[in-house]
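In case you want the letters, here they are:
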Amino acid sequence: EWKGTTRQVINGKQVLVSEYRRVALTGQGTFAARMIRVLNGPRSFTLTLSYRESEGRMLRPITDYVIANLRF
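What you see is a predicted model, and the numbers here were worked out from it, not measured in a lab.

**Student:** Tell me what's going on with the sheet that holds strand E2 (residues 13-23), and back it up with residues and numbers.
**Tutor:** Pairing is antiparallel across the open sheet formed by 4 strands, whose spatial order is E1-E2-E3-E4. Among the strands making up the open sheet, the edge pair consists of strand E1 (2-10) and strand E4 (45-52). With direction set aside, neighbouring strand axes in the sheet form an average angle of 20°. Direction of pairing for strand E3 (residues 30-38) relative to E4: antiparallel, over a ladder of 8 bridges. Within the sheet, the bridge partner assigned to Ala 33 lies in E4 and is Ser 50.

Right, dumping it as structure tokens:
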């Protein structure tokens, strides 16, 4: 399930954040995922973070922290 892409500023750099849900490869459970796309010419990269939705209460804040503390 595609939730969309937004532009955000992280530590002064504009990035694209895409969110989606996917079914586990084993077919058991769903995962929430976010892709953070940093566009910087040849130094561009994508960071993908995902976690099992049933563990979201604990893991979402951790992934938020990782994203908020990206350094370029």
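Picking up after the structure, the text goes on.
**Student:** For unusual backbone geometry, give the residues involved together with the corresponding values.
**Tutor:** Non-glycine residue Asn 11 carries a positive phi angle of around 50°. With respect to the secondary-structure elements, Asn 11 resides in the loop between E1 and E2. The class for Asn 11 is partly exposed, based on a relative accessible area of 42%.

**Student:** Outline a nonpolar patch on the surface, supporting the account with residue identities and numerical values.
**Tutor:** A cluster of nonpolar side chains, namely Met 58, Ile 62, Tyr 65 and Val 66, defines an oily patch on the protein surface of about 430 Å² accessible area. Looking at where Met 58 falls in the secondary structure, it is placed in helix H1 (residues 56-68). We classify Met 58 as exposed; its relative accessible area is 55%.

**Student:** Give me the lowdown on the nonpolar core, citing residues and values where you can.
**Tutor:** Ile 10, Val 15, Val 17, Ile 36, Val 38, Leu 49, Ile 67 and Leu 70 together form the largest nonpolar core, which totals 8 residues. Residue contacts for Leu 49: discarding those within four places in its chain leaves Ala 32, Ala 33, Arg 34, Thr 63, Val 66 and Ile 67.

**Student:** How would you explain the packing of aromatic side chains if you had to name every residue and give the values?
**Tutor:** In this structure the tally under the stated criterion is 2 aromatic pairs. Measuring from ring centre to ring centre gives 6.0 Å for Trp 2 and Tyr 20, while their planes differ by 5°; the resulting arrangement is stacked. Of this pair, Trp 2 sits in strand E1 while Tyr 20 sits in strand E2, and the two are 18 residues apart along the sequence. Measuring from ring centre to ring centre gives 6.5 Å for Phe 45 and Phe 72, while their planes differ by 35°; the resulting arrangement is tilted. Separated by 27 residues along the polypeptide, Phe 45 in strand E4 and Phe 72 in the segment after H1 bring together distant segments of the chain. Phe 45 sits in the partly exposed class, given a relative accessible area of 30%. We note Arg 22 situated over the ring of Phe 31; from NZ or CZ to the ring centre the distance is 4.6 Å.

About the thresholds
- Residues numbered from 1 in each chain as written.
- Predicted model: local features only at pLDDT ≥ 70, side-chain atom pairs only at ≥ 80, totals over all residues.
- Heavy atoms only, no water.
- Pairing = 2+ DSSP bridges.
- Helix = DSSP H or I, 4+ residues; strand = E, 2+ residues; numbered from the N terminus.
- Axes fitted to C-alpha atoms, helices over the stretch in contact; angles between N-to-C directions.
- Buried < 20%, exposed > 50% of the residue type's maximum accessible area, 1.4 Å probe, protein only.
- Patch = residues over 30% accessible without salt bridge, like charges linked within 9 Å, V, L, I, M, F, W, Y side chains within 5 Å.
- Areas by Shrake-Rupley, 256 points an atom, 1.4 Å probe, with all protein chains shown as cover.
- Salt bridge = Lys/Arg side-chain N within 4 Å of Asp/Glu carboxyl O.
- Core = buried A, V, L, I, M, F, W, Y, C linked by side-chain atoms within 4.5 Å.
- Contact = heavy atoms within 4.5 Å.
- Phe/Tyr/Trp six-rings, centres within 6.5 Å; stacked < 30°, edge-to-face > 60°.
- Lys NZ or Arg CZ within 6 Å of the ring centre and 35° of its normal.

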